[in-house]
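# Understanding the architecture of this molecule
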Amino acid sequence: MECGGSDGGDWVWVRRPTEAEAMAAAATKQGRLVSAAATEVEEEERPLKVVFASPAEYFTDAAPVGNGSLGGMVWGGVATEKLQLNHDTLWTGVPGNYTDPEAPAALAVVRALVNQGRFADATAAATHLFGGQSEVYQPLGNVNLEFGASNQVYDSYKRELDLHTATVVVTYNIGAVQYTREHFCSNPHQVIVTKISANTPGQVSCTLSLSSQLENNVTVTNANEVVMEGICPGQRPGLRYGDSNDVIGIRFSAVLGLQIGGDTTKAAALNDQKLRLDNADWVVLVVAASSSFGGPFVNPADSKLDPTSIALNTINRARHLTYAQLRAAHLDDYQSLFYRLTIQLSRGLKDTHGSLTEKERPKEEVGEEIRTSADRVKSFSIDEDPSLVELLFQYGRYLLISCSRPGTQVSNLQGIWNQDVAPAWDAAPHLNINLQMNYWPALPCNLSECQEPLFDFLTSLAVNGSKTAKVNYQASGWVTHHVSDIWAKSSAFLKNPKHAVWPMGGAWLCTHLWEHYQFSLDKDFLENKAYPLLEGCATFLVDWLIDGPGGYLETNPSTSPEHAFVAPDGQPASVSYSTTMDISIIREVFSAVLLSAEVLGKFDTDLVKNIKKALPRLPPIQIARDRTIMEWALDFQDPEVQHRHLSHLFGLYPGHTITMEKNTDICEAVANSLYKRGEDGPGWSTTWKMALWARLFNSENAYRMVLKLITLVPPGEKVEFEGLYNNMWTAHPPFQIDANFGFTAAIAEMLLQSTQNDLYLLPALPRDKWPRGCVKGLRARGDVTVNICWDEGELEEAMLWSNHRNSVTRLHYGERVATLRVCSGTVYQFNRGLKCLKAWPLGK
């Protein structure tokens, strides 16, 4: 073991105080690490709450809950309450045909025009490569509660989403009676649970019903159960062909069941449509939902699934459990994921006992004043409260846990939360940044299981994409483009070539496969899941590359996602050849295949040989006259220099083909490109810039993007640039969930970066903003878990361990480098000089 530097303080293990045994077990398993300076007191439980002082007026005021497939939005009204429901399988449409036998002829025309330098004509001709539109994600409906309190004055209202428990709690007073509602969405039992209670017996009375914007019928089956059955449109609204009105869409059911407490309680059905409940001490609502979706290749008309039976069985299983049992199972499941990673950022203000001072403590915890999360966002430009950064970081992890679990559908453009039958951009997965960004935090932020739906989705895309590749492009392997849906649409989009003509969506997604292996070192996953998909993708890319100028291989046609240029003849265009992003993604995929083949012993396959021949012929990244990265193969005039996409910088992040150590000139050009792009843009663009600046080790500019994102967007108003809504969702605008995930991933990049053999501690820490802090449970490549604590802006102590390998790792902090041999199952502890203080077996 080689380590150097000065001695540091001792480390001790402490147990997190918990509210449930599951929380304690998870914390003990992960380990709690604090420095000797803080041993006098245990770490304080950080309040991680999204707080509201009034009921929701807009969708983006409501509080989200979810279990991966079933989602709810808690509006928190007093006279009436709306629990808005979603299910991840509710989409318009049926399986489609994503091939076009006329595409090869159109492709030949486009390629010829590009080769002639007639880029505007090539752009126009590329419309013949269009596929159809994607289908549309649909809302399930609402649980409606009418309390009959419209004329009653209420006070002491508070609604909060507690990230520690994944529970939304609403409290308010009417006279001397305090009412409480608790909402959570259970993954173990696949239900949303709501408990309504009062501090005085017999005070809970309400009318309950289910409703939906989709075609449906509702029945009350007995005095404690409501069933809603419905159907999604067989085709997206406004796009009707022939007999499409007769197409059978996805059927769905939602069931509401009750548990009631109180000696004087009365419950009755109203017109077979609603339930009336009077004089209860408490009531527990249990909601389940299901659909007839049998997979992307099963026509709903042929599905054998009975959603009503499935939902009723789910409800019956849950109703045999008490509220306490349901909640305990929910906490055990949720906290086992959430508490894998903890983070504390501080201004450096502590009282003499080491606890947070009132100035540093989040204001809603001081005295009786309720300070909402929106208030905190408003004041962030002044107080730059680091605890709000903690909250937003962990909120991203909460949202990912809530909308993407093993066996669910892939997280869409709004996660799983949608109130519209025609949501913005169809709420469809967009594969030219947005879907990928949804999963950026999964690996570094210790939620690898949440990424599994992405790989299931990739598997389906490869099936349809192999047909698209064969028919449309006369190529082997598989391909998909930039917009998809639950039916695994693989063909191009339409409307504009700068969006549609981009067959790199599947290739970008495939880089996540190799990333998953790098973090997990799961050879079975690499061999049985990742490599077959990578192999098919790379096979297509080999066929897609053709001979181009200067002996290089080229992609033609080629676009830089959603961006246009001015052709040399002065005409606007978007189609040319070999955009920087195309080549960067191909280089990344080819590299992943070669490295995978080395691990799996597949050295002599034809694909590996073809990739080794192709790699040296890929054009290099070019630097433009203004010392920025060239976005296109030619130095075209850019009519929109502050365009939202950063596609040409892919090689730095999320890719790995550009590094600070190996590509100094290119990294300088990347920085120039970021300055040229400017700081304004939609939320996802802002968080991508955060991550890019972090990869450049530029903490100042990464933090500037933090400041840009944490600004309040007025609900219901059209705004131009990034920000947060009242419920801390990120704005495109309108709402898109990707920037919530991008923010979490970017903060992780500021605190830890890794390659297979290098760990960079605090590479982009804004030392003057967060001079003291601790992060525990970050993940690094090589199946390494890392804890880091710092003080006065400098590394104090760090710990790392791995479960799967013995290897040589270089540990970096600033200019310091320490080389060590990491042994499987051993914990290593370092001081700020990167001197190894001690090592011990994992688990002791």
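Look a little higher up for the structure.
Attention here is on the structure that accompanies the text. It should be emphasised that the depicted structure is a prediction, and the values quoted were computed from it without experimental measurement.

Here is what the cut-offs are and how they apply
Residues numbered from 1 in each chain as written. Predicted model: local features only at pLDDT ≥ 70, side-chain atom pairs only at ≥ 80, totals over all residues. Heavy atoms only, no water. Helix = DSSP H or I, 4+ residues; strand = E, 2+ residues; numbered from the N terminus. Rg over C-alpha atoms; globule rule 2.2 N^0.38 Å. Buried < 20%, exposed > 50% of the residue type's maximum accessible area, 1.4 Å probe, protein only. Contact = heavy atoms within 4.5 Å. Expected span 1.5 Å × (residues − 1). Disulfide = S-S within 2.5 Å. Pairing = 2+ DSSP bridges. Axes fitted to C-alpha atoms, helices over the stretch in contact; angles between N-to-C directions. Polar contact = N/O pair within 3.5 Å; in protein donor to acceptor, adjacent residues only side chain to side chain. Salt bridge = Lys/Arg side-chain N within 4 Å of Asp/Glu carboxyl O.

## Concerning the overall build of the protein
The secondary structure content of the protein amounts to 18 helices and 32 strands. Taken against the 2.2 N^0.38 rule, which gives 28 Å for 844 residues, the C-alpha radius of gyration of the protein at 27 Å falls within 12% of a compact globule. In terms of overall dimensions, the protein has C-alpha extents of about 85 × 75 × 50 Å along its principal axes. Among the 844 residues that make up the protein, the fraction classed as buried is 62%. Of the contacts made within the protein by residues no fewer than 6 positions apart, 69% connect residues no fewer than 24 positions apart.

## Considering helix α16 (residues 683-695)
For α16, built from 13 residues, the straight-helix expectation of 18 Å at 1.5 Å per residue is met to within 8% by its first-to-last C-alpha distance of 19 Å. The first or second residue beyond α16 is Phe 697, which carries a positive phi of 60°.

## Observations concerning the state of the cysteines
The tally for this structure, following the rule as stated, stands at 1 disulfide. Here Cys 774 engages in a disulfide with Cys 789; their sulfurs sit 1.8 Å apart. Here Cys 789 lies in strand β27 (residues 784-791) and Cys 774 lies in strand β26 (residues 772-780), a separation of 15 residues in the sequence. Of the two residues examined, Cys 774 and Cys 789, each falls in the buried class. There is no disulfide at Cys 510, and the cysteine sulfur nearest it, in Cys 537, is 4.0 Å away. On the basis of relative accessibility, which here comes to 0%, the residue Cys 510 falls in the buried class.

## Quick notes on the pairing of strand β8 (residues 155-162)
The pairing of strand β3 (residues 49-52) with β8 spans 4 bridges and is antiparallel. Bridging from a neighbouring strand, Phe 52 pairs with Arg 159 of β8. Pairing analysis gives 6 bridges linking β8 to strand β9 (residues 167-174), with the strands arranged antiparallel. By the bridge assignment, Lys 158 is partnered in β9 with Thr 171. Here β8 folds back onto β9 in antiparallel fashion, the turn holding 4 residues, of which Ala 166 has a positive phi close to 50°.

## Re the sheet that holds β8
Pairing between sheet strands relies on hydrogen bonds along the backbone, with the strands arranged either parallel or antiparallel. Taken together, the 9 strands give an open sheet; going across it, the order is β3-β8-β9-β10-β11-β18-β15-β14-β13, and neighbouring strands pair in antiparallel fashion. What marks the edges here is a single partner per strand, and that holds for β3 and β13 (215-222). On average, adjacent strands in this sheet sit at an angle of 15° to one another, irrespective of strand direction. The pairing of β9 with strand β10 (residues 177-186) spans 7 bridges and is classified as antiparallel. Each bridged residue has a counterpart across the sheet, and for Thr 171 the counterpart in β10 is Thr 180. Against the sheet, helix α4 (residues 307-319) touches β11 (191-198), β14 (225-231), β15 (251-261) and β18 (282-291), its axis set at about 20° to β15. Contacts from helix α5 (residues 323-338) reach β9, β10, β11, β15 and β18, with the element oriented near 50° to β10.

## Some points on the side chain of Thr 372
With respect to the helices and strands, Thr 372 occurs in the loop between β19 (342-346) and α6 (373-383). A distance of 3.0 Å separates the side chain of Thr 372 from the backbone nitrogen of Asp 375, its partner in a polar contact. Sequence-distant contacts of Thr 372, defined by excluding residues within four places in its chain, comprise Val 51, Phe 52 and Ala 53.

## Thoughts on the environment of Gly 77
If you trace the backbone, Gly 77 turns up in the loop between β5 (70-74) and β6 (80-87). Among the residues examined, Gly 77 registers a relative accessible area of 11% and is labelled buried. In this structure the C-alpha to C-alpha distance between Gly 77 and Val 170, which are 93 residues apart in sequence, comes to 9.0 Å. Residues in contact with Gly 77, not counting those within four places in the same chain, are Pro 55 and Arg 181.

## Topic: helix α13 (residues 580-600)
In this model α13 runs 30 Å from its N-terminal to its C-terminal C-alpha over 21 residues, within 8% of the 30 Å that 1.5 Å per residue would give. For α13, the buried fraction is high: 15 of the 21 residues fall into the buried class. Directly beyond the C-terminal end of α13, a positive phi value near 75° is found at Gly 601.

## Section: the pattern of salt bridges
Evaluated as defined, the whole model comprises 25 salt bridges. For Arg 181, the salt bridge is made with Glu 81, and the minimal N-O distance between the two is 3.1 Å. Of this pair, Arg 181 sits in strand β10 while Glu 81 is found in strand β6, placing the two residues 100 residues apart along the sequence. Each member of the pair, Arg 181 as well as Glu 81, carries the same accessibility label: buried. Residues Asp 121 and Arg 118 are paired through a salt bridge, measuring 3.0 Å at the closest nitrogen-oxygen approach. Judged by its relative accessible area of 34%, Asp 121 falls in the partly exposed class. Connected through salt bridges with shared partners, the residues Lys 49, Lys 158 and Glu 160 form a single ionic network.

## Structural notes on the sheet that holds strand β7 (residues 141-146)
One open sheet accounts for 7 strands, arranged β4-β5-β6-β7-β12-β17-β16; its pairing is antiparallel. Lying at the two open borders of the sheet, with one neighbouring strand each, are β4 (63-66) and β16 (266-270). Strand after strand, the sheet turns through a mean of 20° between neighbouring axes, direction not considered. Note that strand β12 (residues 204-211) and strand β17 (residues 274-280) share 4 bridges and pair antiparallel. Directly across from Leu 208, in β17, lies its bridge partner Leu 275.

On their own, these measurements won't tell you what the molecule is for.
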